Amino acid sequence: MNNKTNSLAAALCLLPVCLPLHAEKNEKQQGDNERPNILFILSDDHTSQSWGVYGGILSQYVQNKNIRRLADEGCVLDNCFCTNSISSPSRAAILTGRYSHLNGVYSLEDGLSPDSANIAKALQEGGYQTALIGKWHLKKRPAGFDYFYVFHDQGEYRNPVFKSAANWVDDSEGKQGETVEGFSTDLVTDRTIEWIKNRDKTKPFMMCCHFKATHEPWDYPERLKDLYEGVTFPEPASMMEFGPEKSGRAFEGRQLENLGWRWETASKAPDKWWCQYPELPFSTQGMEKEAARRKIYQKFIKDYLRCGAAIDDNIGRLLNMLDEEGLARNTIVVYVSDQGYFLGEHGFFDKRMMYEESLRMPFVIRYPKEIPAGTRNRDIILNVDFASLLADYAGIGAPAGVQGTSFRANLKGETPSDWRKEMYYRYWTHHDIRPAHMGIRNERYKLMFLYGDRLNTTGSDETPTTPAWEFHDLQKDPYEDRNSYNDPQYAGIIREMKAQLLELRKQYADNDEHSSPRMREIMEKNYW
């Protein structure tokens, strides 16, 4: 069934950006004891290197005036991390407040059970009106939302298929739903604005506005097609790392050449590829390997930043709407990506690994009533903490079984004395170029154990890889350019961190019950 975006949603694109006279009056009428609304904006793969507020070689090129506005009016988290750097598992951790081994979403092929306790259900039971619009990517019917309008599977950038309660089928049952003409980032914002304006105004709300951007294939609306025309972007210092020999890293990684191969393959048969890339055809045939890698990188960054610019446009529309509706003071606005992404560092693209570019979740939050404007926080915050934070603001109990902790006090500059000093990470999906691994990161050091076995994880290679360790001193080696695991000066620190890693596994109940014989065999060898 094909439908054009309804006239109301289309008309919202033309809303003036000025603040109506009645908005200030409405905002002043809101009581300071009124429970806050929540606008939770989630993007996909929109990595910190491309936000501008985290510095980096691309910071002067990023179109980010609205992300900067949020940063100027709220708090930026400098050390927010995911617990499993891949989309579906991270989204499940955000909703449930639990690690993958407890929420049941280990890999991209797993779905979140509608029976799972989650923050939407908790807020709904606590008197909130809840809604979800855009990318879901958890395969089964969303639970805890009064209203949802989500993409089939990952969604498409252009003319995406949306599913609602009225036409829901699980992703495994085929591609069904309503096709809406337009660009996905704009359409999600249209529907978000429409819902907020027409909500039940007797209740506080939580709106989850989830963009597909900046996920591959990094498409962008026509209005941005000339952005960065003629620009040559600076390259990461480690971009010409073609293998692990120099750095001593323990895995090959997904290198930029694979992205070039994807573009060339799609150029030959675009209708047979899984997605539609912009600005094809593309080829590096006959080029020297360094020149070819540079050509791949330049196209990649141009597409990626234009895709990200559409997010920033729409964050601006959402912030203006809150102003116009008199909702800004009493609405918590979160903007976060589900994980990071490699933009040519180490010669990589994609995510999944525990390196900083992939591990870090860029995160900004604004709440004028409570969070000091223009602040930054360096505490270690995890995606499993988000549900507890939102429950805390709403004055309700966190979802059952949460493993995270509210960081409300941290955002006010009042970090508890017993706040965590290290974090536990586990990536379950196993491939030879990106082995399954676990690790610990503290304020200075990172230790990774690449155990290299699929165990029972869906979507993994059958053949194991030889277990290996990586260690990085993030103070001396912030870009993780060398594996210092065998450096004698760190032997004592590594020994201590191995013990701490085992303690974190116990703390988070990650005991590999589903694969204990095989994992016990790996762990009992001399790797510890």
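Residues numbered from 1 in each chain as written. Predicted model: local features only at pLDDT ≥ 70, side-chain atom pairs only at ≥ 80, totals over all residues. Heavy atoms only, no water.

Any chance you could break down the nonpolar core for me, citing the residues and the numbers?
One finds F40, I365 and F386 to be the most contacted residues of the largest nonpolar core, which totals 86 residues. A total of seven residues in this core trace back to one element, the largest contributor, which is helix α11 (residues 386-394). Setting aside its immediate chain neighbours within four residues, F386 contacts F40, C80, I94, V336, M361, F363, I381 and F407. If you look at the next biggest cluster of nonpolar residues, it comprises 65 residues, including V62, Y228, L305 and Y341. (Core = buried A, V, L, I, M, F, W, Y, C linked by side-chain atoms within 4.5 Å. Buried < 20%, exposed > 50% of the residue type's maximum accessible area, 1.4 Å probe, protein only. Helix = DSSP H or I, 4+ residues; strand = E, 2+ residues; numbered from the N terminus. Contact = heavy atoms within 4.5 Å.)

Which residues make up the environment of G308, and what values do they have?
Of note, G308 is situated in helix α9 (residues 289-324). Separated by 72 residues in the primary sequence, G308 and I380 have C-alpha atoms spaced 26 Å apart. When neighbours within four sequence positions are excluded, G308 is seen to be in contact with H46 and T214.

Tell me what's going on with the packing of helix α3 (residues 65-73) against α9, and back it up with residues and numbers.
Where α3 meets α9, the axes come as close as 7 Å, and the angle between the chain directions of the two elements is 50°. It follows that α3 is oblique to α9 by the angle criterion. Across from K65, N66, I67, R69 and L70 in α3, the residues of α9 making contact are D312, D313, I315, G316, L319, N320 and D323. (Axes fitted to C-alpha atoms, helices over the stretch in contact; angles between N-to-C directions. Parallel < 35°, antiparallel > 145°, perpendicular 65-115°, else oblique.)

Account for the side chain of D338, naming residues and giving values.
Positionally, D338 belongs in the loop between β10 (331-337) and β11 (342-343). Here R91 takes part through its side chain, which lies 3.2 Å from a polar atom of the side chain of D338. Once residues lying within four places of it in the same chain are set aside, the contact partners of D338 are L42, S43, D44, D45, C82, S87, S90, R91 and M361. (Polar contact = N/O pair within 3.5 Å; in protein donor to acceptor, adjacent residues only side chain to side chain.)

Residues and numbers for the packing of aromatic side chains, please.
Counted under the stated rule, the structure contains 38 aromatic pairs. On the basis of an interplanar angle of 80° and a centroid distance of 5.2 Å, the ring pair of F342 and F348 is categorised as edge-to-face. For the pair Y445 and Y490, a centre-to-centre distance of 6.2 Å together with 70° between the ring planes defines the contact as edge-to-face. Taken together, the residues span a long stretch of sequence, with Y445 in strand β18 (residues 445-450) and Y490 in the loop between β19 (468-473) and α13 (491-507) at a distance of 45 residues. Accessibility assignment for this pair places Y445 and Y490 in one class, buried. Taken together, W218, F300, Y304, Y341 and F349 form an aromatic cluster joined through their ring pairs. Between K212 and the ring centre of Y157, over which it is positioned, the NZ or CZ distance is 5.2 Å. For K289, the ring lying beneath its charged end belongs to F242, and the centroid distance is 4.4 Å. (Phe/Tyr/Trp six-rings, centres within 6.5 Å; stacked < 30°, edge-to-face > 60°. Lys NZ or Arg CZ within 6 Å of the ring centre and 35° of its normal.)

Describe α9, naming the residues involved and giving the relevant values.
For α9, which comprises 36 residues, the first-to-last C-alpha distance of 53 Å matches the rise-based estimate of 52 Å (1.5 Å per residue) to within 8%. Along α9, 30 of the 36 residues are buried, which leaves the element largely enclosed by surrounding structure. Phi turns positive, to about 70°, at G326, one or two residues after α9. (Expected span 1.5 Å × (residues − 1).)

For empty space enclosed by the protein, give the residues involved together with the corresponding values.
Applying the stated criterion to the full structure yields four cavities of 30 Å³ or more. Empty space within the largest cavity amounts to approximately 130 Å³. Along the wall of the largest cavity there are 15 residues; nearest its centre are F40, I94, L95, C208 and H210. Every element with two or more residues in the lining of the largest cavity is listed here: β2 (37-43), α4 (87-96), β9 (205-210) and α11. Per-class residue counts for the lining of the largest cavity are 13 nonpolar, one polar and one charged. (1 Å grid on protein atoms, 1.4 Å probe; cavity = no way out; pocket = protein on both sides within 12 Å on 5 of 7 lines; lining within 4 Å. Points joined across faces, edges and corners; volume = space filled by probe spheres on them. Nonpolar A, V, L, I, M, F, W, Y, C, P; charged D, E, K, R; others polar.)

Give a detailed account of the side chain of H430, specifying residues and quantitative values.
By secondary structure assignment, the location of H430 is in the loop between β16 (422-427) and β17 (437-442). Within the structure, H430 has its side chain in polar contact with the backbone oxygen of T463 (distance 3.0 Å). Those residues in contact with H430, other than ones at most four positions away along the chain, are P435, A436, G452, D453, R454, S460, D461, T463, P464 and T465.

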